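# Analysis of the macromolecular model
So the chains spell out like this:
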Amino acid sequence: MTFASQGYGPLTRALTLVVALAALAGCSTVWNSSASQSSDGGKAGSGPPTQIAGVALPEGYSLDANRTIVLGEGDRWIGRLSYSVNSSSDAMFDFVRREMANYGWTEVAVVRAETSQLTFLSSGGDRVASVLITRSTLYGSKVDMTVAPSTGSTVGTQPRQVAPRPARQ
């Protein structure tokens, strides 16, 4: 039984692939969170790891080095980028929705709620970005941006036709 026959969509398969790639992180270029820590008590710097490009990141965000894992570099990286920002979750939602288009991402699905989720497809259709925005306890918001390879050009295409099974006798 495959993922497709169990009803899992392309986003679920892509996120499963990210988990599998994370397990193989020792074989790839991996961002080392300790290397990006500043000298002021071990807090992560507010800038992105130098290998991150091609996604919308707000000014003044604080990277969560314990939850961030990045494979690859430049605008071809995949993995999870976790950060917090002193902006409301509504403001972050609007920022991400507006700015990802400036980096060539096409909006695929959006849910604005207590925990908001935005899903984007890269201009080449070969990567999917899922952005999860939650309210922080006091003020601000936390963002998890997961970027994974797309499982193909299944977004926006017709579902695959399956031949009916012969009746049992």
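Residues numbered from 1 in each chain as written. Predicted model: local features only at pLDDT ≥ 70, side-chain atom pairs only at ≥ 80, totals over all residues. Heavy atoms only, no water.

## Overview of the pairing of strand S5 (residues 115–121)
Rule in force here: Note on classification: 1.4 Å probe, protein chains only; a residue is buried when its accessible area is under 20% of the maximum for its type, exposed when over 50%, partly exposed between these limits. Only DSSP runs of H or I with at least four residues qualify as helices, and only runs of E with at least two residues qualify as strands; both kinds are numbered from the N terminus onward. Strands are labelled as partners when DSSP assigns at least two bridges between them.
A large share of S5 lies buried, amounting to 5 of its 7 residues. The pairing of strand S4 (residues 106–111) with S5 spans 5 bridges and is classified as antiparallel. Looking at the pairing, threonine 106 lines up with leucine 121 of S5. Between S4 and the antiparallel strand that follows it, S5, lie 3 residues. The pairing of S5 with strand S6 (residues 127–135) spans 7 bridges and is classified as antiparallel. Across the sheet, leucine 121 pairs through a bridge with valine 128, a residue of S6. Where S5 folds back onto S6 in an antiparallel hairpin, the turn is made up of 5 residues, including glycine 125, whose phi is positive at roughly 75°.

## Observations regarding the pairing of strand S3 (residues 78–85)
For a regular strand, the rule is simple: side chains alternate between the two faces of the sheet. Within S3, 6 of the 8 residues are buried, leaving the element largely enclosed by the surrounding structure. Looking at chain direction, strand S1 (residues 62–63) and S3 are connected through 2 bridges and run antiparallel. Counterpart to leucine 63 in the pairing with S3 is tyrosine 83. Judged from the 3 bridges that link them, strand S2 (residues 69–71) and S3 form a sheet pairing that is antiparallel. By the bridge assignment, leucine 71 is partnered in S3 with isoleucine 78. Across 7 bridges, S3 lies against strand S7 (residues 141–149) in antiparallel orientation. In the sheet register, tyrosine 83 faces S7, and the bridge partner there is valine 143.

## With respect to the side chain of serine 82
The condition is simple: Any pair of nitrogen or oxygen atoms within 3.5 Å is treated as a polar contact; in protein, a donor-acceptor pairing is required on top of that, and neighbouring residues in sequence qualify only through side-chain atoms on both sides. We call two residues contacting when some pair of their heavy atoms lies within 4.5 Å.
Tracing the chain through its elements places serine 82 in strand S3. Among the residues examined, serine 82 registers a relative accessible area of 2% and is labelled buried. One polar contact links the side chain of serine 82 to the main-chain carbonyl oxygen of arginine 67, over a distance of 3.5 Å. Discounting chain neighbours no more than four positions away, the residues touching serine 82 are Leu63, Asp64, Arg67, Thr68, Val143 and Asp144.

## Quick look at the confidence of the model for the protein chain
Rules: One confidence number per residue, pLDDT, is output by the predictor and ranges from 0 to 100.
Here the protein chain averages 77 in pLDDT, and 62% of its residues register 70 or above. At the low end of the mean pLDDT range in the protein chain sits helix H1 (residues 10–23), at 58; at the high end sits S5, at 97. A low-confidence stretch, residues 23–46 stays under pLDDT 50, and its non-local contacts, those more than four residues away or across chains, total 28 contacts. Here residues 153–158 is modelled with pLDDT under 50, and outside its nearest four sequence neighbours on either side it reaches 4 contacts, counting other chains as well.

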